[in-house]
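Descriptive analysis of the structure
What follows is the residue order along each chain.
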Amino acid sequence: MASIFEEAAVVGLPEADVAAVNVLKKGGNAVDAAVAAALLSCVVMPHKVGIGGYGGMLVVHMSGETNCIDFNTVAPAAASGTMYNVSRSDGRFGSVVKERVNEIGYKAISVPGVLGGLSMALEKFGKFSLADTLAPAIRACKNGFRVSAEYIQATQDNLKRIQMFPETAKLLLEDNEPPPSGYRASNPNLGKILEQIAAKGVDEFYKGRLADRIVKNIQDNGGLITKEDMAAYEARIVDPVHASCMGYDLYGAPLCSSSISLLQMCRIAEVAELDLWARDAARLAHGMTEVIRAAWLDRYRHFGDPGLIDVPLSTLMSDVSIGATGIEISNHISEGTRGQSLLRPLYSGGTTHITVVDRDRNMVSLTLTHGPTYGSYVTLPRMGLLRNAGMSRFDPGPGLKNSIAPGKKPIVNMCPTIILRDGKPCMTIGASGGTRIPSSLFQVLARRLVLAEDLEWAVGAPRVHSEGNEWVMMEEEFGQMAPDYLETVGYTLRKGRASAHVRAIEITESNQLLATLDPRIRGKERGI
């Protein structure tokens, strides 16, 4: 259920949003609040993100300008396209690495970006210091926190892998088993690390004695990161990507995020006139699926680090390309036919997203992550520091657009988005949930902007998911007619979760804040 707030609002993780609200009450702005919530999330939601996480993207609208901070990870200098033993690889199903060492263990770890990005956000756009925003996280580490049902469920779902790493088991489990309901967890070792960072700044993490300890442990266990890799890491302020849809201006993070895919989907939906099928659940689901699959096909064929490879963005986002795809999809919907397919593997996600609007109507959309749930499952001894699995976001086989190269950034699923109308901010939105992020955000925005449904219904409405494949996932709330119809079109219905978890805040015509937390998440919106 959505909530209305007069002054400021936060929609992120229920376990961490209280830190953001407290910052707003003390006079902090939207960036200060988002960073405080993100840093507390790094402690209380270790399956989703940590300060060792590989990074993220932040889009901020402040003083009439929209900017983006890119703090995506980079591959170590010693990485290469042939560093993994690919046991199976083909153009339809992607690549599988022997023993999944690109996802689990020390060789999965890439250069972390979370602290670099959050620190830059405060420096460029915030009022509070890094020490101020770290304070709630430090208290949680030292004093402990009551674990959530989601925390417990994550340990149950990943128990065998957690038990493979003794330091991680010591951090997350109670007597080598998932903690019971009501359990209070703590992480005093990480608290000491955060105190050092609060006192000395993030250079201590990337260039100081903390960096020495991190690098030594990784290299002693077969990882690739060097002190030079850590010292060279820099978050960047970059121009956001932009597209217009139904009179709205949409701004997202540039490559290597998936915002380009989201903007493609929104523009294609407008051309395909999905609103014509608003009262036909089966054909609307078909149209949504075709739009999602078209954008995924472009992603697989063309997307990679634009700093190292050529990506034809101007062509992909051109009126000609969008128009042709939209007309083709409109024909598929009318004729009950399916577009072309390219099968690729599914990836799990351990991501979180935070949206904030403050009194001055500054907006933040922030997504950050470990990569897969619990990242690499590696915890550094006597540091309480869980490490990312950023290398899993590359295609492990050589010769592809998103293949590994030294210093290269991987394509990620994040789509933090800010929307303006007539030059004024009207919505901040984003999601967590791996590859389902762009498809879920597209369906929410299509319903809100193209079908003109209200935000609460748009966020709660049933969703589909596909990835350029011959299969589709659908939520049960669609009923039976829609999945039956998609099977006649030629799709295979696959079981599994079809949705990411969306968070959104919309500024109403009366200047109130309509904060909406996806009903698929336990919790509630917070604000002032």
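Structure: above.
Rules of the game
Residues numbered from 1 in each chain as written. Predicted model: local features only at pLDDT ≥ 70, side-chain atom pairs only at ≥ 80, totals over all residues. Heavy atoms only, no water. Helix = DSSP H or I, 4+ residues; strand = E, 2+ residues; numbered from the N terminus. Rg over C-alpha atoms; globule rule 2.2 N^0.38 Å. Buried < 20%, exposed > 50% of the residue type's maximum accessible area, 1.4 Å probe, protein only. Contact = heavy atoms within 4.5 Å. Areas by Shrake-Rupley, 256 points an atom, 1.4 Å probe, with all protein chains shown as cover. Lys, Arg positive; Asp, Glu negative; His and termini not counted. Charge placed at Lys NZ, Arg CZ, Asp CG, Glu CD. Pairing = 2+ DSSP bridges. Axes fitted to C-alpha atoms, helices over the stretch in contact; angles between N-to-C directions. Parallel < 35°, antiparallel > 145°, perpendicular 65-115°, else oblique. Left-handed = near helix turned anticlockwise from the far one by under 90°. Nonpolar A, V, L, I, M, F, W, Y, C, P; charged D, E, K, R; others polar. Polar contact = N/O pair within 3.5 Å; in protein donor to acceptor, adjacent residues only side chain to side chain. Phe/Tyr/Trp six-rings, centres within 6.5 Å; stacked < 30°, edge-to-face > 60°.

Let us now look at the overall build of the protein. Per the secondary structure count, the protein includes 18 helices and 23 strands. For 528 residues, the compact-globule estimate of 2.2 N^0.38 gives 24 Å, and the protein sits close to it at 22 Å. C-alpha atoms of the protein, sized along the principal axes, occupy 65 × 55 × 45 Å. Each of the 528 residues in the protein was classed as buried or not, and the buried ones make up 63%. The contacts in the protein between residues at least 6 apart in sequence include a share of 72% that link residues at least 24 apart. For the protein, the exposed area adds up to about 19,600 Å²; of that, 48% sits on carbon and sulfur atoms. For the protein, the separation between the mean place of its 55 positive charges and that of its 57 negative charges on side chains is 6 Å.

Next up on the list: unusual backbone geometry. Residues L255 and C256 are joined by a peptide bond in cis, for which omega reads 25°. Within the secondary structure, C256 is located in the loop between β11 (248–252) and α12 (259–272). Within the chain, R100 stands out as a residue other than glycine whose phi angle is a positive 55°. Within the secondary structure, R100 sits in the loop between β6 (94–97) and α3 (114–125). With a relative accessible area of 36%, R100 lands in the partly exposed category. In this structure, A452 takes a positive phi of about 60° despite not being glycine. Mapped onto the elements of the fold, A452 is located in the loop between α16 (436–450) and α17 (455–460).

Another aspect to go through is the sheet that holds strand β17 (residues 424–432). Ordered in space as β1-β22-β21-β17-β16-β11-β10, the seven strands form an open sheet in which the pairing is antiparallel. Single-partner strands in this sheet number two, and they are β1 (3–5) and β10 (241–245). Neighbour to neighbour, the strand axes of the sheet diverge by 20° on average, direction disregarded. Across three bridges, the pairing between β1 and strand β22 (residues 513–517) is antiparallel. Bridge pairing in β22 places S3 opposite A515. On the sheet, α12 packs against β10, β11 and β16 (417–421) and is oriented at approximately 15° with respect to β10. Against the sheet, α16 contacts β10, β11, β16, β17 and β21 (501–507), and its axis sits at roughly 145° relative to β17.

The next thing to look at is the packing of helix α4 (residues 130–143) against helix α8 (residues 188–200). The contact between α4 and α8 brings their axes to 8 Å, and the two run at 165°. Relative to α8, α4 is oriented roughly antiparallel. When you trace α4 past α8, the crossing you get is left-handed. The residues of α8 that touch α4, namely those facing L130, A131, L134, A137, I138, C141 and K142, are P188, L190, G191, L194, E195, I197 and A198. Split by residue class, the contact of α4 with α8 holds 11 nonpolar, one polar and two charged.

Inspection of the secondary structure assignment puts E467 in the loop between β18 (464–465) and β19 (471–474). One polar contact links E467 to T435, side chain to side chain, over a distance of 2.7 Å.

Before going further, it helps to spend a moment on the packing of aromatic side chains. Two numbers describe a pair of aromatic rings. These are the distance of the centres and the angle of the planes. Inspection of the entire model under this criterion finds six aromatic pairs. Between the aromatic rings of F165 and Y377, the centroid separation amounts to 6.5 Å while the plane-to-plane angle is 15°, which identifies the pairing as stacked. Within this pair, whereas F165 is found in the loop between α6 (159–163) and α7 (166–172), its partner Y377 is found in the loop between β13 (363–369) and β14 (379–380), the two being separated by 212 residues in sequence. By relative accessible area, F165 is classed as buried at 16%. Taken together, the ring pairs connect F165, Y374 and Y377 into an aromatic cluster.

Extensive coverage of β11 is indicated by the burial of four of its five residues. Of the strand pairs in this sheet, β10 and β11 are connected by five bridges, and their pairing is antiparallel. Residue pairing for β11: S244 is matched across the bridge by D249. Hairpin connection from β10 to β11: two residues lie between these consecutive antiparallel strands, with M246 at a positive phi of about 55°. Pairing between β11 and β16: four bridges, direction antiparallel. Residue pairing for β16: L250 is matched across the bridge by I419.

For T155, the position within the fold is in helix α5 (residues 149–157). On the basis of relative accessibility, which here comes to 0%, the residue T155 falls in the buried class. Residues T155 and T373, spaced 218 residues apart in sequence, show a C-alpha to C-alpha distance of 9.9 Å. With near-sequence residues (within four places) excluded, T155 lies in contact with I162, L172, L173, P178, P179 and Y374.

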